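Letter by letter, the chains look like this.
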Amino acid sequence: MEWQDGDAAALDRLLPVVYDELRRLARHQLRSERSNHTLQSTALVHEAYLRLVKQGPLRVDNRAHFFGIAAGLMRQILVDHARRRGSVKRGADALTLQLDDAAMLPQKPPIDLIALDDALNTLALLDNRQSRIVELRFFGGLTIEDASDVLGLSPATVKREWATARLWLQRELTRSESL
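Residues numbered from 1 in each chain as written. Predicted model: local features only at pLDDT ≥ 70, side-chain atom pairs only at ≥ 80, totals over all residues. Heavy atoms only, no water.

Describing the overall build of the chain
Test applied: Each helix is a run of H or I in the DSSP string that is no shorter than four residues. Each strand is a run of E no shorter than two, and both are numbered from the N terminus. Only protein chains enter the accessibility calculation, which uses a 1.4 Å probe; a residue whose area is less than 20% of its type maximum is buried, one above 50% is exposed, and one in between is partly exposed. Should any heavy atoms of two residues lie within 4.5 Å, those residues are counted as being in contact. Areas reported here follow the Shrake-Rupley algorithm with a probe of radius 1.4 Å; residue values treat only the protein chains shown as occluding.
Along the backbone of the chain there are 7 helices and 2 strands. Mapped from its N terminus to its C terminus, the chain presents α and β elements in the order α-α-α-β-β-α-α-α-α. Within the chain, the fraction of its 179 residues that count as buried is 47%. Long-range pairs, those at least 24 residues apart, make up 66% of the contacts in the chain with a sequence separation of at least 6. Total accessible area on the chain is roughly 9,400 Å²; 53% of this is exposed by carbon and sulfur atoms.

Quick word on the packing of aromatic side chains
The condition is simple: Centre distance within 6.5 Å is the pairing criterion for rings of Phe, Tyr and Trp, where only the six-membered ring of Trp is used; planes under 30 degrees apart are then read as stacked, over 60 as edge-to-face, and the remainder as tilted. A ring has a charge above it when a Lys NZ or an Arg CZ is no more than 6 Å from the ring centre and no more than 35 degrees off the ring normal.
Under the defined criterion, the tally for this structure stands at 2 aromatic pairs. For the pair phenylalanine 66 and phenylalanine 67, a centre-to-centre distance of 5.4 Å together with 80 degrees between the ring planes defines the contact as edge-to-face. For the pair phenylalanine 66 and phenylalanine 67, one class covers both residues: buried. Measuring from ring centre to ring centre gives 4.8 Å for phenylalanine 138 and phenylalanine 139, while their planes differ by 85 degrees; the resulting arrangement is edge-to-face. Among the residues examined, phenylalanine 138 registers a relative accessible area of 7% and is labelled buried. For arginine 137, the ring lying beneath its charged end belongs to tryptophan 162, and the centroid distance is 4.8 Å.

What about the nonpolar core?
Rules: Side-chain atoms within 4.5 Å are what join buried Ala, Val, Leu, Ile, Met, Phe, Trp, Tyr and Cys residues into a set we call a nonpolar core.
Leu22, Phe66, Met74, Leu116 and Leu169 are the most contacted members of the largest nonpolar core, which totals 46 residues. When contributions to this core are tallied by element, the ones reaching two or more residues are helix H1 (8-30), helix H2 (41-55), helix H3 (63-84), helix H4 (113-126), helix H5 (128-139), helix H6 (144-151) and helix H7 (155-177). Here this core gets 11 residues from one element, more than from any other, and that element is H3. In contact with phenylalanine 66, other than residues within four places in its own chain, are Leu14, Val18, Leu22, Leu52 and Val60.

Here we look at the environment of alanine 147
In this structure, alanine 147 sits in helix H6. If sequence neighbours within four positions are ignored, alanine 147 has contacts with Leu136, Arg137, Leu142 and Val158.

What about the packing of H2 against H3?
Relative orientation and spacing of two packed helices are given, respectively, by the angle between their axes and the distance between those axes. Rules: The angle between two axes is taken between their N-to-C directions and runs from 0 to 180 degrees, where each axis is a line fitted to C-alpha atoms and a helix contributes only its stretch in contact. Oblique is the label for every angle not falling under 35 degrees (roughly parallel), over 145 degrees (roughly antiparallel), or within 65 to 115 degrees (roughly perpendicular). With the far helix as reference, a near helix turned anticlockwise by less than a right angle produces a left-handed crossing, and one turned clockwise produces a right-handed crossing. Under the scheme applied here, ten amino acids are nonpolar (Ala, Val, Leu, Ile, Met, Phe, Trp, Tyr, Cys and Pro), four are charged (Asp, Glu, Lys and Arg), and all others, including Gly, are polar.
Two elements in contact, H2 and H3, have axes whose closest approach is 9 Å; the angle formed by their N-to-C orientations is 110 degrees. With respect to each other, H2 and H3 are oriented roughly perpendicular. For the pair H2 and H3, the sense of crossing is right-handed. Residues Leu44, Val45, Glu47, Ala48, Arg51, Leu52 and Gln55 of H2 lie in contact with H3, whose contacting residues are Phe66, Ile69, Leu73, Met74, Gln76, Ile77, Leu78 and Asp80. Taken together, the residues of the contact of H2 with H3 sort by class into 10 nonpolar, 2 polar and 3 charged.

Description of the pattern of salt bridges
As a working rule, side chains carrying opposite charge can pair if their charged atoms are close by. Under the convention used in this document: We count a salt bridge whenever a side-chain nitrogen from Lys or Arg sits within 4 Å of a carboxyl oxygen from Asp or Glu.
Per the counting criterion, the structure on display carries 11 salt bridges. Its salt-bridge partner being aspartate 117, residue arginine 75 comes within 2.6 Å of it at the nearest N-O pair. Of this pair, arginine 75 sits in helix H3 while aspartate 117 sits in helix H4, placing them 42 residues apart in sequence. Through salt bridges with shared partners, a single network forms among Arg75, Arg83, Asp117, Asp118, Arg132 and Glu135.

Next up, the structure:
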């Protein structure tokens, strides 16, 4: 990729090619939020783009890896936004999302994004790979196969680690709600 070789204009040429997919990714992340949320998918994509430019050239192996990076940036933006909105008290006007996956029960209550971020940071200390899988799947909307490509793991390993991480996160989020 020309951008990782230092061609700053390459990112500008890349954006129109991936813009629709980035908007889909942003909509995926914003779809379960409160209805009066002030951050829209277009703003989320633009903020992620600005942060990407600010970081400078990155090594990007493939399309899935690029979207994994974008998902991580969007996670940071959403968490920063939730913290700025004064959601110090858990559940008080906090940004909420649902961990949604076909294997999960469809009627899970919304979760606090800040609590999820805290739990993911704790999980990263215990098992960075599982934390990364959650970020790619939940925030990036990547499939098991795409996540396995990004991480260089077999799909079976990603699927197993994803299931373990989801259970751990559900336990941690339930624990944080009771505090």
